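So you can see what is in the structure, the chains are spelled out below.
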Amino acid sequence: MTEPKAIAIDGPVASGKTVVGRLLAQRLGYRVLDTGLMYRAITWQALEDGVDLEDREGMASLVEEHDLEVRFEDGGEASIFLDNRDVTPYLRLPEVEQGVSRVARIPAVRDAMVARQRSIGREGQVVMVGRDIGTVVLPDAPLKVYLTAAVEERAQRRYKELQGLGTGVGYEQVLRELQQRDRLDLEREIAPLRPAEDATIVTTDGLNVRDVVEWVVSLLGKST
Ligand code: DC
């Protein structure tokens, strides 16, 4: 079996793509890049600099002014640096979470992120996770997987995660926010969330993560 250079994993919020991507990368000895972190980093910087997230020109300048770098640790996990400072710990903050879908709609931001993601893809040995990896970033990836699950199941997963973090957010609110983010991801003009034509679609309702990883590994042999 020839090893594919890059594996694309896409899917909606809480479809399991990040954890599947991470385990798959560990299993193969690949690096893993959750591309949502890059959009989150730009959002964090905009909040720091006081740039209005709806101001497309302001956001375009912000991307030019700051140096975003993806660094891979020894274990293959990515950290995001802005102007040489590791901002990874801030990327799950609620204010970043709330703003990031708006930032991800801005063409200049997407162009800059996609260019970096492609260059990482060219280096090979990477599992790249996102919304548009199979459709836009790495259309030639030899293996593309689109993970999905019913919105209620995804909301349950996210709700449990948040409970684990000790937040008092209720299930109904989690469900509403998730539906809102789905809508923004699905309906945006550029690179909306959708499976690539040649992606394998895996519905993860009721499946455990290890089963999904084994299933993807079984696809590897068929993809090359
Ligand atoms: O996967 P996530 O929740 O970290 O993604 C954050 C936001 O970035 C979400 O609104 C979708 C968007 N995103 C994107 O548009 N394209 C990607 N390749 C990854 C994330």
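Located above this text is the structure these notes cover.
In what follows, the accompanying structure is described. The structure displayed is predicted, hence computed values, not measured ones. (Residues numbered from 1 in each chain as written. Predicted model: local features only at pLDDT ≥ 70, side-chain atom pairs only at ≥ 80, totals over all residues. Heavy atoms only, no water.)

### A word on the packing of helix α7 (residues 151-164) against helix α8 (residues 171-187)
Packed helices, taken two at a time, are described by the angle between their axes plus the distance between the axes.
Logical step 1: Between α7 and α8, the shortest axis-to-axis distance is 9 Å and the interhelical angle comes to 120°. Compared by their axis directions, α7 and α8 come out oblique. You can see that α7 and α8 cross each other, and the crossing is right-handed. In contact with Val151, Glu152, Arg154, Ala155, Gln156, Arg158, Tyr159 and Leu162 of α7, α8 contributes Tyr171, Val174, Leu175, Leu178, Gln179, Arg181 and Asp182.
Logical step 2: Partitioned by chemical class, the residues of the contact of α7 with α8 number eight nonpolar, two polar and five charged. (Axes fitted to C-alpha atoms, helices over the stretch in contact; angles between N-to-C directions. Helix = DSSP H or I, 4+ residues; strand = E, 2+ residues; numbered from the N terminus. Parallel < 35°, antiparallel > 145°, perpendicular 65-115°, else oblique. Left-handed = near helix turned anticlockwise from the far one by under 90°. Contact = heavy atoms within 4.5 Å. Nonpolar A, V, L, I, M, F, W, Y, C, P; charged D, E, K, R; others polar.)

### A word on the sheet that holds strand β8 (residues 200-203)
Logical step 1: The five strands are arranged β2-β6-β1-β7-β8 in an open sheet whose pairing can be described as parallel. Both edges of this open sheet fall to β2 (31-34) and β8, since each of them pairs with a single strand only. If you compare each strand with its neighbour and ignore which way they point, the axes differ by 20° on average. (Pairing = 2+ DSSP bridges.)

### Some details on the nonpolar core
Logical step 1: Residues Ile42, Met59, Leu68, Ile80, Val109 and Met113 are the most contacted members of the largest nonpolar core, which totals 37 residues.
Logical step 2: Sorting elements by how many residues they give to this core places helix α2 (residues 36-49) first, with seven residues.
Logical step 3: Contacts of Met113, omitting those with residues within four sequence positions, involve Met38, Tyr39, Ile42, Val63 and Leu68.
Logical step 4: Within the second largest apolar cluster, 20 residues are counted, among which are Ile7, Val127, Val216 and Val217. (Core = buried A, V, L, I, M, F, W, Y, C linked by side-chain atoms within 4.5 Å. Buried < 20%, exposed > 50% of the residue type's maximum accessible area, 1.4 Å probe, protein only.)

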